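What follows is the residue order along each chain.
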Protein chains: 2
Amino acid sequence: MRNLTDCPEFQQLADLRQDWPAPLTPATIRDQVARHCLLHFSYAGYLLSPEIRHALQALAESQGVIAAYHAILDGQAMNTSENRVVSHHQTRGPNRGFYGKEQARADHFADGVRSGELHGAFSRPFTTVVQVGIGGSELGPKALVEGLHCWALTQSTLILETHFLANIDPNDFARIWAQIDPETTLFITVSKSGTTLETALNLGLITQAMTDLGWTAAQSRQHLVSVTMPQTALDDPTSFRDRFYIDASIGGRYSGTSVVGTLLLSLVYGPVVTAEVLAGAAALDENARLPDCTHNLSLMAALLGIWECNVLGCTARAIIPYSQSLAAFPAHLQQLDCESNGKSVNRDGQSIDYATSPVVFGEPGTNSQHSFFQKLHQGPELVPIQCIGFAKPYASSPAPGAAHDALLASLVAQLVAFSTGQAHSDPNKTFSGHRPCSLVIAPELTPQTLGALLAFYENKIMFEGFLWNLNSFDQEGVQLGKTLAQDAT
Amino acid sequence: MRNLTDCPEFQQLADLRQDWPAPLTPATIRDQVARHCLLHFSYAGYLLSPEIRHALQALAESQGVIAAYHAILDGQAMNTSENRVVSHHQTRGPNRGFYGKEQARADHFADGVRSGELHGAFSRPFTTVVQVGIGGSELGPKALVEGLHCWALTQSTLILETHFLANIDPNDFARIWAQIDPETTLFITVSKSGTTLETALNLGLITQAMTDLGWTAAQSRQHLVSVTMPQTALDDPTSFRDRFYIDASIGGRYSGTSVVGTLLLSLVYGPVVTAEVLAGAAALDENARLPDCTHNLSLMAALLGIWECNVLGCTARAIIPYSQSLAAFPAHLQQLDCESNGKSVNRDGQSIDYATSPVVFGEPGTNSQHSFFQKLHQGPELVPIQCIGFAKPYASSPAPGAAHDALLASLVAQLVAFSTGQAHSDPNKTFSGHRPCSLVIAPELTPQTLGALLAFYENKIMFEGFLWNLNSFDQEGVQLGKTLAQDAT
């Protein structure tokens, strides 16, 4: 693997800049789709010529990105700066080992809670779960749990109420505490190291509030479980009725399919839902092995990321889920992308001099159309847009036809507007078009397709990291602030 | 007013790029603060020399931005493309006229609801309000209402439960309908034109659901009010028990201090809270009249926006409120900024060739530190960070000392890390520093300081628009998508 700008294939790609944009034709729309049974990725809106597509494939081969992915799956220490393996694919892979064992424990515990067999200190069943954790311990799990809430409403299944407590701001605790009945609430405290400042402080607020209610330590313990590495401060059977384990080889932002995300998921919706999320993710991990980028969805998306960032010079990317259920998904992708690849040092620890991870941002469509889309359509800067859509509404949705049809019509209208623009005699009503856009579309938002979406983006970002010759699995950039804050307190 | 790059003062400013960054000294930290009794704006982290500050002031004078603001206040048609006046300052100004009358009606109605005198069709008091609206009818009001929830918890005041229904996705309705008791819920339908597609469709879902419950039209009417322009489809006394009016001279994104935001605010927390929000906003409108940018907070912030965008070449700006209560504030600012100034055509309808509104994004601190701050600290691209902080916790906060101290320590640590960086023998642990950052700080998050914050940003964006020679008050870039979607449905 070389620095991106040292690859002759990158130079060839950059030379093709002059061919861009190619016209959008019905043939392009038909051909420029990478298909998987769970997701389709349509990239006709990038307005690529066939030569550019070939050059993208050549770049992928030159950087050996598929071999690098296999090295991850084979357990090589691909987190180079920390000399660690990268294990998150294993949480949903064919040989889950340690992760499978912990998943089974989490599912067993969740079944007990959901049946009422495991209950709080006052013999009342748990109705509410609060996930206490920050960064990857919040964002991925929140994207998954909130992503499935409306789906679950259409099933005849028990749904536990869910809250997320992350911020060290004491108002975050106050807001949540005011909404719950502690006697029917289970708190999951999540910190890999067991020492995360925010999480430790929030755990302290929770136990203090329990004490203030007159609970004994034994009673409080009945409402607390932890997710952590073995032998940390949170691996304490005197304080937590159960502990579930992760290890150092999964970064927080990649931990959604470990017990960091799946204990919560199994508690809230049941273990069957978790199994489907994992199956969907595993299916996209399989797809990511394919060497041909026209079949490998994540790889094609990653190559387009390089095209937009390092050839077109874009510095931001908008992710627009046309689904209110995915309102929390862009914040997860923002962390996944910016924390993985927002770096200026390559895998060998040397400085690089080309652009990496753009700013990732997004809000649901159609809401975002009434907000920042003005800039995306008519701003001087080119900001690529990736929309996420679902072909079918839930059968039991209110007015499923009219509302969902209008949602999809809005999505398609935006893609057309971004790609083709509109000429007008008044410059203020002119749309230049030629704005790169793409669509990730699934038949329906279900546990399986949501798992697939999660893995699609994880793998996309992994491939982008390889193409940029970055280590996407460390996060030195967050250390200095932590040190300075701890020195101050 | 000229195009930015045609101002000789801009060229002088650009020439000072070579002096940047200046060293951060105790004197800079002390001097580079614009002070108002409700807010301080500290910009020492922009690492400006005194020469740059003088050149910024010269640019403001050259573009006549204070005169242009006075033209708005004097009722000149400063929305040039639509030939309209720009009235949002009047909603909180000394002569509120029409807006004051509507505010009084809204407050009277809210008092009736809060006392229980005005109730639903089944003689039960209203406990819940759903604001049905999209874009500016959701984002600003949501930032205000959610921003004050924890403050209200510390007061002994009635708080009505609040939900926001915006998206055309029918799951948005399903999610909210599952959480409320319709018999105790009041729905505010907000659409200036009365024809917003999403809002009309959601209103249809609501009335259908009421019909499905067996309610008569007269019973449903008891649960519906509207905010709209006179004589639109929503100005219908047969469907709405009351109607509150706005007019065409306030754009959606600027309507938070009109009845679009304040009817809700008065219902949820009471009219006294609304009055304080308006007073805070009015105080910053007054401050924005000051010609000297070292005293005019919004003007200084706007000038720094030009500096970062057009001299340093930054294409994004992060807004980080160190307050979980302000979690919804960045999405409001994203609309306010990108929809106002994400444009390529000047006030005279001619194309311009320089950068305007960067991508605005943000999540609360400390959460964001555990997410995309990696990129902000160590990414190749310079992304200016603006933090918002509050000096004091609420007196009744849980563990007010420890948690709030840790929150502030984290904020300060980040500003130090961004400004000064850290040398290290390992490039992967090196922080370049010299990343522009600033701080907007208020004594405490209250209705008055939140109103001040809102106006600070509105006025900042207005001044940036003047400096860029843009009309910040139209939004032609959202029209094409609307037309195409309506053609398709």
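Please read all numbers here as calculations on a predicted model, not as lab measurements. (Residues numbered from 1 in each chain as written. Chains lettered and ligands numbered in written order. Predicted model: local features only at pLDDT ≥ 70, side-chain atom pairs only at ≥ 80, totals over all residues. Heavy atoms only, no water.)

Trainee: Before we move on, can you summarise the overall build of chain A with the specific residues and values?
Mentor: Across its full length, chain A carries 18 helices and eleven strands. Here the C-alpha atoms of chain A give a radius of gyration of 23 Å, agreeing with the 23 Å that 2.2 N^0.38 yields for 489 residues. Dimensions along the principal axes, computed over C-alpha positions, put chain A at roughly 70 × 55 × 45 Å. Classification of the 489 residues of chain A by burial places 64% in the buried group. Excluding contacts between residues fewer than 6 apart, the proportion of contacts in chain A whose partners are at least 24 apart in sequence is 76%. Accessible surface, chain A as shown: approximately 15,500 Å² in total, 52% of it carbon and sulfur. Treating the 29 positive side-chain charges of chain A as one cloud and the 45 negative ones as another, the clouds have centres 2 Å apart. (Helix = DSSP H or I, 4+ residues; strand = E, 2+ residues; numbered from the N terminus. Rg over C-alpha atoms; globule rule 2.2 N^0.38 Å. Buried < 20%, exposed > 50% of the residue type's maximum accessible area, 1.4 Å probe, protein only. Contact = heavy atoms within 4.5 Å. Areas by Shrake-Rupley, 256 points an atom, 1.4 Å probe, with all protein chains shown as cover. Lys, Arg positive; Asp, Glu negative; His and termini not counted. Charge placed at Lys NZ, Arg CZ, Asp CG, Glu CD.)

Trainee: Explain the interface of chain A and chain B residue by residue, including any values.
Mentor: Every contact between the two is made by 98 residues of chain A and, on the other side, 98 residues of chain B. The largest share of the area that chain A buries against chain B comes from His370, Gln374 and Leu480 of chain A, three residues that together contribute 9% of it. Counting every contact that joins chain A to chain B gives two salt bridges. A salt bridge links Glu476 of chain A to Lys429 of chain B; its shortest N-O distance comes to 3.0 Å. The interface formed by chain A and chain B contains 33 residue pairs in polar contact (both at pLDDT 80 or more). Counting only elements with at least two residues in the side of chain A that touches chain B, the list comes to helix H7 (149-153), helix H8 (170-177), helix H9 (197-212), helix H14 (329-341), strand E9 (359-361), helix H15 (373-378), helix H16 (400-420) and helix H18 (479-488) of chain A. Broken down by element, the side of chain A that touches chain B gets its largest block of residues, twelve residues, from H16 of chain A. (Buried area = accessible area lost by both parts, 1.4 Å probe. Salt bridge = Lys/Arg side-chain N within 4 Å of Asp/Glu carboxyl O. Polar contact = N/O pair within 3.5 Å; in protein donor to acceptor, adjacent residues only side chain to side chain.)

Trainee: Give me the environment of Gly256 of chain B: which residues, what numbers.
Mentor: Residues and elements named next belong to chain B. Tracing the backbone shows Gly256 in the loop between strand E7 (242-245) and helix H11 (259-269). Residue Gly256 is classed as buried on the basis of its relative accessible area, which comes to 6%. Taking the C-alpha atoms as reference points, Gly256 and Gly140, separated by 116 residues in sequence, lie 5.1 Å from one another. Not counting chain neighbours up to four residues away, the residues in contact with Gly256 comprise Leu144, Gly261 and Thr262.

Trainee: Tell me what's going on with the packing of helix H5 (residues 97-115) of chain B against H11 of chain B, and back it up with residues and numbers.
Mentor: All names here are of chain B. Axis separation between H5 and H11 bottoms out at 8 Å; the angle between their running directions is 25°. Here H11 runs roughly parallel to H5, going by the angle between their axes. Between H5 and H11 the crossing geometry is right-handed. Where H5 approaches H11, its residues Glu102, Gln103, Ala106, Asp107, Phe109, Ala110, Val113 and Arg114 are matched on the opposing element by Val259, Thr262, Leu263, Ser266, Leu267, Val268 and Tyr269. Class assignment of the residues belonging to the contact of H5 with H11 gives a composition of nine nonpolar, three polar and three charged. (Axes fitted to C-alpha atoms, helices over the stretch in contact; angles between N-to-C directions. Parallel < 35°, antiparallel > 145°, perpendicular 65-115°, else oblique. Left-handed = near helix turned anticlockwise from the far one by under 90°. Nonpolar A, V, L, I, M, F, W, Y, C, P; charged D, E, K, R; others polar.)

Trainee: So, the packing of helix H13 (residues 297-311) of chain B against helix H17 (residues 447-468) of chain B: which residues are in play, and what are the values?
Mentor: Residue and element names in this part refer to chain B. The interhelical angle for the contact between H13 and H17, taken along N-to-C directions, is 50°, at an axis separation of 8 Å. Classified by the interaxial angle, the pair formed by H13 and H17 is oblique. Of the two possible hands of crossing, H13 and H17 adopt the one that is right-handed. For the pair formed by H13 and H17, the contact residues are Leu297, Ser298, Leu299, Ala301, Ala302, Leu303, Gly305, Ile306, Cys309 and Asn310 on the first element and Ala455, Phe456, Asn459, Lys460, Phe463, Glu464, Leu467 and Trp468 on the second. The residue inventory of the contact of H13 with H17, partitioned by class, reads twelve nonpolar, four polar and two charged.

Trainee: An account of the relation of the copies chain A and chain B is requested, with residue identities and associated values reported.
Mentor: Relating one copy of the chain to the other takes a rotation about an axis and a shift parallel to that axis. Laying chain A over chain B is done by rotating through 180° and shifting 0.0 Å along the axis; what remains is an RMSD of 0.0 Å. These values place the two chain copies in the arrangement generated by a two-fold rotation axis. Most of the interface of chain A is mirrored in chain B, where 100% of its interface residues are also at the interface. (Least-squares fit on C-alpha atoms with pLDDT ≥ 70 in both.)

Trainee: Tell me about the side chain of Gln57 of chain B, residues and numbers included.
Mentor: Residue and element names in this part refer to chain B. Relative to the helices and strands, Gln57 resides in helix H3 (residues 50-63). The class of Gln57 is buried, set by a relative accessible area of 13%. A distance of 2.7 Å separates the side chain of Gln57 from the side chain of Glu61, its partner in a polar contact. Of the polar contacts made by the side chain of Gln57, one reaches the backbone nitrogen of Cys293; its length is 2.7 Å. In contact with Gln57, other than residues within four places in its own chain, are Pro291, Asp292, Cys293 and Leu303.

Trainee: Outline the sheet that holds strand E2 (residues 40-42) of chain A, listing residues and values.
Mentor: Residues and elements named next belong to chain A. Read from one edge to the other, the open sheet built from six strands follows the order E1-E2-E11-E10-E8-E9, with strand pairing classed as mixed. In the strand order of this sheet, the two ends are held by strand E1 (33-35) and E9, each with one partner. Sheet twist, expressed as the mean angle between neighbouring strand axes with direction ignored, is 15°. As defined by bridge partners, strand E8 (residues 316-321) adjoins E9 across three bridges and the pair is classed as parallel. Note on E9: the bridge partner recorded for Ala316 is Val359. (Pairing = 2+ DSSP bridges.)

Trainee: Which residues make up the pattern of salt bridges, and what values go with them?
Mentor: Summed over all chains, the structure comprises 41 salt bridges over all chains. Among the ionic pairs, Glu339 of chain A bridges to Arg253 of chain A, the shortest N-O distance being 3.6 Å. In this pair, Glu339 of chain A is assigned in helix H14 and Arg253 of chain A in the loop between strand E7 (242-245) and helix H11 (259-269), connecting sequence segments 86 residues apart. Under the relative-accessibility criterion, Glu339 of chain A is labelled buried at 5%. The salt bridge partner of Arg317 of chain B is Asp337 of chain B, with a shortest N-O separation of 2.8 Å. Of this pair, Arg317 of chain B sits in strand E8 (residues 316-321) while Asp337 of chain B sits in helix H14 (residues 329-341), and the two are 20 residues apart along the sequence. Of the two residues examined, Arg317 of chain B and Asp337 of chain B, each falls in the buried class. Ionic contacts of the salt-bridge type, sharing partners, join the residues Glu308, Arg317, Asp337, Lys460 and Glu464 of chain A into one network.

Trainee: Lay out the sheet that holds strand E5 (residues 185-190) of chain B in plain terms, naming residues and giving numbers.
Mentor: Residues and elements named next belong to chain B. The five strands are arranged E4-E3-E5-E6-E7 in an open sheet whose pairing can be described as parallel. Single-partner strands in this sheet number two, and they are strand E4 (161-165) and E7. Neighbour-to-neighbour, the strand axes of this sheet turn through a mean angle of 20°, independent of strand direction. Relative to the sheet, helix H6 (residues 139-147) contacts strand E3 (128-132) and E4, its axis offset from that of E4 by approximately 160°.

Trainee: Please give an account of the packing of aromatic side chains that cites residues and values.
Mentor: Residue and element names in this part refer to chain A. The tally for this structure, following the rule as stated, stands at 28 aromatic pairs over all chains. Centre to centre, the rings of Phe41 and Phe456 are 5.8 Å apart; their planes meet at 50°, and the pair counts as tilted. Placement of Phe41 in strand E2 and of Phe456 in helix H17 (residues 447-468) is noted, with a sequence separation of 415 residues between them. Aromatic side chains Tyr254 and Phe473 sit 5.5 Å apart centroid to centroid with 50° between the ring planes, which places their arrangement in the tilted category. Of this pair, Tyr254 sits in the loop between E7 and H11 while Phe473 sits in the loop between H17 and H18, placing them 219 residues apart in sequence. With respect to burial, Tyr254 and Phe473 carry one shared label: buried. By the ring-pair criterion, three or more aromatic residues cluster together here, those being Phe41, Tyr43, Phe329, Phe456 and Tyr457. (Phe/Tyr/Trp six-rings, centres within 6.5 Å; stacked < 30°, edge-to-face > 60°.)

This is a description of form; function is not addressed.
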